[in-house]
Amino acid sequence: MSVAQALRHAAVLAAIILPFSTAERMQAAEPERVPAHPHLDYINTSFENASPLWWETDPDGAIQIHLVYDQERSSPNRANGHWFFELQATAGSDLTLVLEPFDNVWNGRLGSPIADKTISFISSDGKDWEPIVGERLEGNRFKLQVHLDRPSLYVARLEPYTVAHLEALKREIAGHKLVEVTDIGRTVEGRALEIIRVGNPSAPHHVLLRARSHPWEPGGNWVVQGLIRRLLREDDGARRFVERTCLWVLPMANKDGVARGRTRFNMLGKDLNRDWDRPADPRLAPENHALETWIEEMIAAGRRPDLAIDLHNDNSGKLHVSRPEDEHEEYLARMRRFEELLRRHTWFTEGSTGSSFRNPGTFGEGLLARYGIGACVLELNANRIAGLDDYPRGAHWQRFGAGLADVFFAYFQPEKP
C-alpha cells in the first residue's frame, strides 16, 4: 500500500469511528468535574502517630475522611479506631468531617468502635486539647463539626501520647537515683523496647505495668507518667512506697504502631494482647517475646512480679479479671481487694467483669496461668470518666496514675483482722 492509499484508508476509518466534530468529541469525553473544597487546603498526616487516611468532598461540602484498617494476621479481624490529623484550612471556617469506615471485625464478627456518645479532641497547637462530642451516623460513620480559629487544627481520637512524649519523659527522669531504663528487645521495625524501673530492685514486692499494646489507646501512657512522677517526688508517701515496692514499666509495647498511627496490631499483624497462653513467636511478635524473656529472667532472679496490669482504653472502663479453668480463689480474692483499693484511692467506679468472665490468651490470664503472676487488664473509658463526671483528659489519667501509688502501697499491707 502506498503512502497516499494509507492516508485515504485512515481518513475513512476516522469518519466511521469519529462521526462527531472535534468540539462534540471533546465535550462527550470530558469527565465530570470534582469541585475543590472552598476552605480546606490539605489534611496533613506527615507527623508521628498520624493516622493513614485519604479524603474527598461530597456534594454537600462535607469532608469524607476514609481511614485505613489494620489487619490481623491469619484472621478476618480488622480494626479502625485511631484518628489523628491536622486540618489546614481557611481561618474562621467551619468544617463538617465524616469519618469512616468503622466496620471492624472482632473475633471473626462485625463490631464497631463508635458509640452514640463517642468523643474526639481538637487542638490549635497540638499541645492543649479540648473534647468535642461527635455524632454517629447511619452506615456506622462518625461526624464531627469543627471551627478553625487559625489556619490549622489538629483532630485526634484521644489526647495523643506519642513516642516523642515518652522520650521526653525518659529525659526528665534520667539520672534519678531511683530510676533505671533498660532496653529489653526490639520491635518488628527495630525500635527499642524499654523497661523503666522506679525503686529498689531488692524491695520485697514487685509490680509490672504494661501500656500501649494497642496503639490507639494512649490512656495507659498518661497513667504511667502520672505514677512515675508521683514516685519521684521524694516525699514521705513516695519513700514509704519504694521501701516496700519496686515498679517496673513497659511503657509502649507496640511502639511501631504508635509511631505509624495504627489502631490495634503490630506491624506483622499480631495482637499483642493475645497468645499469652503460649511462648511468643520471636519473629512475628518480638515485642511479646522480649517481655516474656524479661519476666522469666525476673523469676529466675527471685523477683517474680506480685501484680501485673495491662492498661487499655475502651468504651466501658472495667477491670477485666479472667477466671481460668483451675481454681484460683486466692487470686480472685486479691483482685477483689485490688478493685476495692482502686475505688478508695482513685476515681475508679466502673467495676469489674462478671464471675464467669474468661479471655484465654490475654495478658491477664496468660501471666497467671504460665507464671503464677496475679495479673489483670484495666480498661480506661475513652468517652467518659464516671467517677469524675468529665471527659477523659490526659491530666485526669495522670491523676489516676498518681493514685495508684497509694493503691499499690495498701495492696501489700497486711490486712487487718
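It should be emphasised that the depicted structure is a prediction, and the values quoted were computed from it without experimental measurement.

**Some details on the packing of aromatic side chains**
For step 1, the next point in the chain: Within the structure shown, the criterion is met by 13 aromatic pairs.
For step 2, the next point in the chain: Pairing Phe47 with Phe84 gives two aromatic rings, centres 5.0 Å apart and planes at 70°, and the pair type is edge-to-face. Of this pair, Phe47 sits in the loop between strand S1 (40-44) and strand S2 (53-57) while Phe84 sits in strand S6 (residues 84-89); the two residues are 37 residues apart in sequence, bridging distant segments of the chain.
For step 3, the next point in the chain: Take Phe47: its relative accessible area is 22%, and that puts it in the partly exposed class.
For step 4, the next point in the chain: Accessibility expressed as a relative area gives 7% for Phe84, which makes it buried.
For step 5, the next point in the chain: Plain terms: the ring middles of Phe338 and Tyr411 are 6.1 Å apart, the flat faces sit at 85° to each other, and that makes the pair edge-to-face. With Phe338 in helix H8 (residues 329-345) and Tyr411 in helix H10 (residues 394-411), this pair connects stretches of sequence that are 73 residues apart.

**A closer look at the pattern of salt bridges**
For step 1, the next point in the chain: Enumeration over the complete set of coordinates arrives at 28 salt bridges.
For step 2, the next point in the chain: For Glu189, the salt bridge is made with Arg191, and the minimal N-O distance between the two is 2.7 Å.
For step 3, the next point in the chain: Here Glu189 falls in the partly exposed class, since its relative accessible area comes to 34%.
For step 4, the next point in the chain: Among the salt bridges present, the one from Arg358 reaches Glu325, with a minimum N-O distance of 3.5 Å. Separated by 33 residues along the polypeptide, Arg358 in the loop between H8 and helix H9 (363-371) and Glu325 in the loop between strand S20 (319-320) and H8 bring together distant segments of the chain.
For step 5, the next point in the chain: Linked by salt bridges that have partners in common, Glu167, Lys170, Glu194 and Lys255 make up one network.

**Brief notes about the pairing of S6**
Sheet faces and side chains relate simply in a regular strand, where the side chains alternate between the two faces.
For step 1, the next point in the chain: Counting buried positions along S6 yields 5 of 6 residues, so the element is predominantly enclosed.
For step 2, the next point in the chain: Here S1 runs beside S6; their pairing, made up of 4 bridges, is antiparallel. Pairing of Asn44 across the sheet is with Glu86, part of S6.

The rules behind the values
- Residues numbered from 1 in each chain as written.
- Predicted model: local features only at pLDDT ≥ 70, side-chain atom pairs only at ≥ 80, totals over all residues.
- Heavy atoms only, no water.
- Phe/Tyr/Trp six-rings, centres within 6.5 Å; stacked < 30°, edge-to-face > 60°.
- Helix = DSSP H or I, 4+ residues; strand = E, 2+ residues; numbered from the N terminus.
- Buried < 20%, exposed > 50% of the residue type's maximum accessible area, 1.4 Å probe, protein only.
- Salt bridge = Lys/Arg side-chain N within 4 Å of Asp/Glu carboxyl O.
- Pairing = 2+ DSSP bridges.

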